[in-house]
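So you can see what is in the structure, the chains are spelled out below.
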Amino acid sequence: MRELNRLGVTGAIDAGGGFQNYPEDYAVIQKLSEDGQLTIRLAYNLFTQKPKGEKDDFLNWTKTSKYKQGDDYFRHNGAGEMLVFSAADFEDFRVERPDMPPQMEGELEGVVRILAENRWPWRLHATYDETISRALDVFERVDQDVPLRNLNWFFDHAETISDRSIDRIAALGGGIAVQHRMAYQGEYFVERYGAGAAEATPPIAQILDRGVKISAGTDATRVASYNPWVSLAWLVTGKTVGGLRLYPQRNCLDRETALRMWTENVTWFSNEEGKKGRIEAGQLADLIVPDRDYFSCSDSEIADTTADLTIVGGKIVYGAGLFAALDEAPPPPAMPDWSPVRSFGGYAAWARPKSADNPALQHRLAMGCGCASVCTVHGHDHARAWSGTLPVSDPQSFWGALGCACWAV
């Protein structure tokens with residue numbers, strides 16, 4: 001939680017996960033909540049754990065748990081993102097798209113009917129439109145008997161969703177939650193499907209234009225980092241973390257729209273619209289002071305942003321820089337003693353301001369570089385060189401032969 005606060009995160013929706021059984025494995029968070037120690041607001045979804053036992057899980061949970069049970073810090077948010085194992089494709093673009101088995105529709109319908117009848121929202125993992133369109137067949141069939149409107153159900157991921165599926169989701173009152181795994185797997189997607197197919201993965205601009213509920217997230221830590229600023233950089237620039245431009249400008253978002261995806265828009269997905277997501281009277285007192293002006297900094301700086309001050313429920317939960325003196329409960333140093341976190345800090349620690357006793361990470365890495373010579377183009381910044389477009393690895397080229405030694409590291 002402290003690490004998330006450092007990055008300016010004040011709340012999260014937990015999509016569940018494998019081997020995280022409810023209620024046993026939730027007891028530690030429940031205890032922290034009861035003791036008033038949560039500094040992240042958590043809305044949790046219940047994720048089925050046993051193939052072929054999914055229906056029994058949700059029959060039991062809908063009897064023993066109540067949707068929205070809890071408080072503003074720890075509350076139940078419905079089902080998913082695993083509803084039935086036969087309906088879950090996966091996110092590794094290094095392998096071929098999986099076909100869902102023929103029993104998918106029958107098994108999924110059994111669970112969705114239970115959820116709809118008990119007025120539980122759900123989220124469903126679906127990477128490919130082939131999976132989404134088959135799931136929508138089920139949702140439309142259930143909707144004929146039990147209307148799905150006002151249930152705040154949604155798909156997760158949806159990288160290759162079609163215009164037709166977007167319209168079907170809109171007709172049923174559903175939503176789409178996107179995450180920035182293409183920032184990490186974009187190169188693999190292009191390698192398999194081509195640059196043209198990658199230009200709208202997912203088609204966020206089109207989804208917004210059609211008025212479908214959409215929000216941003218991370219899906220951390222399985223397929224992307226937990227850092228929201230990396231996601232924001234991806235939404236704004238259309239680039240992977242390796243520098244590959246995936247999306248034309250028409251498919252990128254302006255900075256305000258991207259930020260609203262992370263703040264105001266996401267409240268629909270936890271059924272908290274009007275309660276949080278904006279800095280205004282009557283809403284929860286959650287806010288941050290970032291360490292730079294997100295709206296005016298260069299595109300290359302967005303991903304390096306951290307918080308100088310994070311407030312949750314009117315309480316300061318993280319302070320740095322000018323606000324460091326207000327941080328009354330810093331955690332003890334990371335364990336073990338040799339943990340790299342002690343030397344380099346957490347994710348994006350390279351964005352810290354330089355000082356005599358705390359140089360930024362890239363300077364520490366340069367000081368520790370073991371290569372024999374400094375590149376006349378990049379200095380010791382080999383990571384930037386390797387991800388750049390100059391042919392630095394080719395000794396026959398101008399840059400490789402006459403000025404850049406990065407290839408030799």
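Because the structure is predicted, anything quoted here is derived from the model rather than measured.

Student: Would you mind going over the nonpolar core in detail, with residue names and values included?
Tutor: Leu-83, Leu-108, Trp-122, Phe-139, Trp-153 and Phe-155 are the most contacted members of the largest nonpolar core, which has 72 residues in total. Beyond its immediate chain neighbours, meaning those up to four positions away, Phe-155 contacts Leu-124, Ala-126, Ile-132, Ala-135, Leu-136, Phe-139, Ile-169, Gly-175, Ile-176 and Ala-177.

Student: Any details on the packing of helix 3 (residues 54-64) against helix 4 (residues 104-117)? Residues and values, ideally.
Tutor: It is the contact of helix 3 with helix 4, at a shortest axis distance of 9 Å, that shows an interaxial angle of 10°. The angle between the axes of helix 3 and helix 4 places the two elements in the roughly parallel class. Touching Glu-54, Lys-55, Phe-58, Leu-59 and Thr-62 of helix 3 are Gly-110, Val-111, Ile-114 and Leu-115, all from helix 4. Here the contact of helix 3 with helix 4 is composed, by residue class, of 5 nonpolar, 2 polar and 2 charged.

Student: I'd like a rundown of the pattern of salt bridges, residues and numbers included.
Tutor: One pass over the structure, following the stated rule, counts 33 salt bridges. Of the charged contacts, one joins Lys-275 and Asp-72 as a salt bridge, the two residues approaching to 2.6 Å between their closest N and O atoms. Taken together, the positions of Lys-275 in the loop between helix 10 (255-262) and strand 8 (287-290) and Asp-72 in the loop between helix 3 and strand 3 (74-79) put the pair 203 residues apart, joining distant regions of the chain. According to the relative accessible area criterion, Asp-72 is partly exposed, its value standing at 26%. With a closest N to O distance of 2.9 Å, Arg-210 and Asp-167 form a salt bridge. Of this pair, Arg-210 sits in the loop between helix 8 (204-209) and strand 7 (213-217) while Asp-167 sits in helix 6 (residues 163-172), and the two are 43 residues apart along the sequence.

Student: Outline the environment of Asn-77, listing residues and values.
Tutor: Examined against the element boundaries, Asn-77 turns out to sit in strand 3. A C-alpha to C-alpha distance of 9.4 Å links Asn-77 and Lys-66, two positions 11 residues apart in sequence. The contact partners of Asn-77, leaving out residues within four places of it in the chain, are Ile-13, Ala-43, Tyr-44, Asn-45, Tyr-67, Pro-121, Phe-269 and Ser-270. Here the side chain of Asn-77 touches Asn-45 through a polar contact of 3.1 Å, side chain to side chain.

Student: So what's going on with the sheet that holds strand 3? Which residues, and what values?
Tutor: Spatial strand order, 1-2-3: 3 strands in an open sheet with parallel pairing. The sheet terminates laterally at strand 1 (11-14) and strand 3, the two strands that pair on one side only. When the angles between neighbouring strand axes are averaged without regard to direction, this sheet yields 20°. Summarising the sheet, strand 2 (residues 41-46) and strand 3 pair through 4 bridges and their orientation is parallel. By the bridge assignment, Leu-46 is partnered in strand 3 with Ala-79.

Student: How would you explain the sheet that holds strand 7 if you had to name every residue and give the values?
Tutor: Across a sheet, strands are paired by hydrogen bonds formed along the backbone, either parallel or antiparallel in direction. The 4 strands are arranged 4-5-6-7 in an open sheet whose pairing can be described as parallel. Both outer strands of the open sheet, strand 4 (123-126) and strand 7, are each paired with one neighbouring strand and no more. Each neighbouring strand pair of the sheet contributes to a mean axis angle of 25°, computed without reference to strand direction. Where strand 4 lies against strand 5 (residues 154-157), 4 bridges are found, and the strand directions are parallel. For His-125, the partnering residue across the bridge sits in strand 5 and is Asp-156.

Calculation criteria
- Residues numbered from 1 in each chain as written.
- Predicted model: local features only at pLDDT ≥ 70, side-chain atom pairs only at ≥ 80, totals over all residues.
- Heavy atoms only, no water.
- Core = buried A, V, L, I, M, F, W, Y, C linked by side-chain atoms within 4.5 Å.
- Buried < 20%, exposed > 50% of the residue type's maximum accessible area, 1.4 Å probe, protein only.
- Contact = heavy atoms within 4.5 Å.
- Axes fitted to C-alpha atoms, helices over the stretch in contact; angles between N-to-C directions.
- Helix = DSSP H or I, 4+ residues; strand = E, 2+ residues; numbered from the N terminus.
- Parallel < 35°, antiparallel > 145°, perpendicular 65-115°, else oblique.
- Nonpolar A, V, L, I, M, F, W, Y, C, P; charged D, E, K, R; others polar.
- Salt bridge = Lys/Arg side-chain N within 4 Å of Asp/Glu carboxyl O.
- Polar contact = N/O pair within 3.5 Å; in protein donor to acceptor, adjacent residues only side chain to side chain.
- Pairing = 2+ DSSP bridges.

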